[in-house]
Amino acid sequence: MMLRTIRNIPMLQFVTKRREPAMYVCLCNALTDRDFSPHMAGGTSSVSMVYRACGCQPQCGKCVPFVRQMLRQAAEVEGKSAGAD
Ligand code: FES
């Protein structure tokens, strides 16, 4: 006889999986780290290219150093150099 618990129900596993909350990186354009992350890899090598891929451009510029840091970290993972504007 197989005992089923509430954890064995696939839909409930999906609901109970916790995901890190998104962090706002650019307040002027309301962009989170999740908005930027798809554009960090795959040949994107400058901050302006990332903003262009997101369909906007920096307004105040406060977020640019952080986006540059995210680019560098993504490049380190891929083994490239990036972050120049
Ligand atoms: S916070 Fe990104 S342009 Fe102002």
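In the block above lies the structure referred to throughout.
None of the values given here were measured: they were computed from a predicted structure.

Draft legend 1. Region of interest: the overall build of the protein. Along its length, the protein carries 4 helices and 2 strands. Looking at the protein as a whole, 24% of its 85 residues qualify as buried. As displayed, the protein offers around 6600 Å² of accessible surface, 56% of which is attributable to carbon and sulfur atoms.

Draft legend 2. Molecular detail of the nonpolar core. Residues F36, M40, Y51 and V67 are the most contacted members of the largest nonpolar core, which totals 14 residues. Looking at this core, the elements with two or more residues in it are β1 (24–26), α3 (47–53) and α4 (64–78). For this core, the element with the highest residue contribution is α4, accounting for 5 residues.

Draft legend 3. Structural view of the environment of A22. For A22, the location among the structural elements is in the loop between α1 (10–16) and β1. Linking A22 and R34, residues 12 residues apart in sequence, is a C-alpha distance of 6.3 Å. Those residues in contact with A22 that sit more than four places away from it in its chain are T32, D33 and R34.

Draft legend 4. Quick peek at the state of the cysteines. Evaluated as defined, the whole model comprises 0 disulfides. Unpaired in terms of disulfides, C56 finds its nearest cysteine sulfur in C54, a separation of 5.6 Å.

Draft legend 5. Focus on unusual backbone geometry. In this structure, A30 is a non-glycine residue whose phi angle is positive, near 55 degrees. Checked against the element boundaries, A30 lands in the loop between β1 and β2 (31–32). Judged by relative accessible area, which is 47%, A30 ranks as partly exposed.

Draft legend 6. A look at the side chain of T32. Tracing the backbone through its elements, the reader meets T32 in strand β2. The exposure class assigned to T32 is buried, which follows from its relative accessible area of 8%. Apart from residues no more than four positions distant in its own chain, T32 is found in contact with A22, M23, Y24 and V25.

Draft legend 7. Spotlight on the packing of aromatic side chains. Per the counting criterion, the structure on display carries 1 aromatic pair. Between F36 and Y51, the aromatic rings sit 5.5 Å apart at their centres with planes inclined by 80 degrees, giving edge-to-face as the arrangement. In this pair, F36 sits in helix α2 (residues 33–36) while Y51 sits in helix α3, placing the two residues 15 residues apart along the sequence. Y51 sits in the buried class, given a relative accessible area of 1%.

Draft legend 8. Main features of α4. Taking 1.5 Å per residue as the helical rise, α4 with its 15 residues ought to reach 21 Å, and the 21 Å between its terminal C-alpha atoms agrees with that figure. Buried residues along α4 sit against β1, α2 and α3. Backbone geometry just after α4 places G79 at a positive phi near 85 degrees.

Conventions we followed
- Residues numbered from 1 in each chain as written.
- Predicted model: local features only at pLDDT ≥ 70, side-chain atom pairs only at ≥ 80, totals over all residues.
- Heavy atoms only, no water.
- Helix = DSSP H or I, 4+ residues; strand = E, 2+ residues; numbered from the N terminus.
- Buried < 20%, exposed > 50% of the residue type's maximum accessible area, 1.4 Å probe, protein only.
- Areas by Shrake-Rupley, 256 points an atom, 1.4 Å probe, with all protein chains shown as cover.
- Core = buried A, V, L, I, M, F, W, Y, C linked by side-chain atoms within 4.5 Å.
- Contact = heavy atoms within 4.5 Å.
- Disulfide = S-S within 2.5 Å.
- Phe/Tyr/Trp six-rings, centres within 6.5 Å; stacked < 30°, edge-to-face > 60°.
- Expected span 1.5 Å × (residues − 1).

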